[in-house]
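A look at the structure
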Amino acid sequence: MTVESVEAQVESLRSSASRAQKHYTDLADQINADTTLSDTGKSEKRREAFTQTKDELRGLLEREKQLIDDEIATLRVRIESRSGTGSTDIIAFRDAQDRADRLADAEEALPMIERAIRQRDTSLASAVFRRAMDAGWQTVVDTYLAAHPQAADVIRDLNYMTRARDNSFQRTLAYALFEG
């Protein structure tokens, strides 16, 4: 899947949420205007409609989160697959990950990634890069990308999807429902 495809699907889900919210508002207005119902009856009907709509919105929200999480996982695999797929590559990458995970800051990581790039140690360079991405060490990320410009698009997409995942305010607004 591509970021554009995920964006289109998210937009579609949010449009569905907007339609569900509008439908609930219209239904609540109809219920409130129904002169054949008592106040208790109106309240019960509104509560039923609210619960049903809330469940629908919750399902749409979960689908959005899953779409974004799946794309992030796919992009992370694309980044981490740069270290090789043979059994020795996997062992080397696992060892490199352990070393990278022990890095405390960018000042410690920068010389390690520079050395790994010079020595063409793709396992260590990839592991330090992943650690730098997770920790937000931009100088280390930039060093890796300077040596691996083909990874820039994947990183841009990963950063975009991570921001989309973490933008809970916009998501909350898109799937909010207020009782009518």
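Keep in mind it's a predicted model, so treat the numbers as computed, not measured. (Residues numbered from 1 in each chain as written. Predicted model: local features only at pLDDT ≥ 70, side-chain atom pairs only at ≥ 80, totals over all residues. Heavy atoms only, no water.)

**Here's the deal with the overall build of the protein**
If you tally the helices and strands in the protein, you get eight helices and zero strands. If you list the helices and strands of the protein from N to C, you get α-α-α-α-α-α-α-α. Over its C-alpha atoms, taken along the principal directions, the protein stretches across nearly 80 × 30 × 25 Å. Residues classed as buried in the protein amount to 36% of the 180 residues present. (Helix = DSSP H or I, 4+ residues; strand = E, 2+ residues; numbered from the N terminus. Buried < 20%, exposed > 50% of the residue type's maximum accessible area, 1.4 Å probe, protein only.)

**Some thoughts on the environment of R58**
Mapped onto the elements of the fold, R58 is located in helix 2 (residues 39-80). Put simply, R58 and V140 are 82 residues apart on the chain and 39 Å apart in space, counted from C-alpha to C-alpha.

**Quick look at the pattern of salt bridges**
The full count for this structure, using the stated rule, is eleven salt bridges. As a salt-bridge pair, R14 and E64 come within 2.7 Å of each other at their nearest N and O atoms. In this pair, R14 sits in helix 1 (residues 3-33) while E64 sits in helix 2, placing the two residues 50 residues apart along the sequence. Given the relative accessible area of 23%, R14 is considered partly exposed. For D153, the salt bridge identified is with R156, shortest N-O distance 3.0 Å. A residue pair is termed a helical-turn pair when its members lie 3 or 4 positions apart in one helix, as D153 and R156 do in helix 7 (residues 152-166) at three residues. (Salt bridge = Lys/Arg side-chain N within 4 Å of Asp/Glu carboxyl O.)

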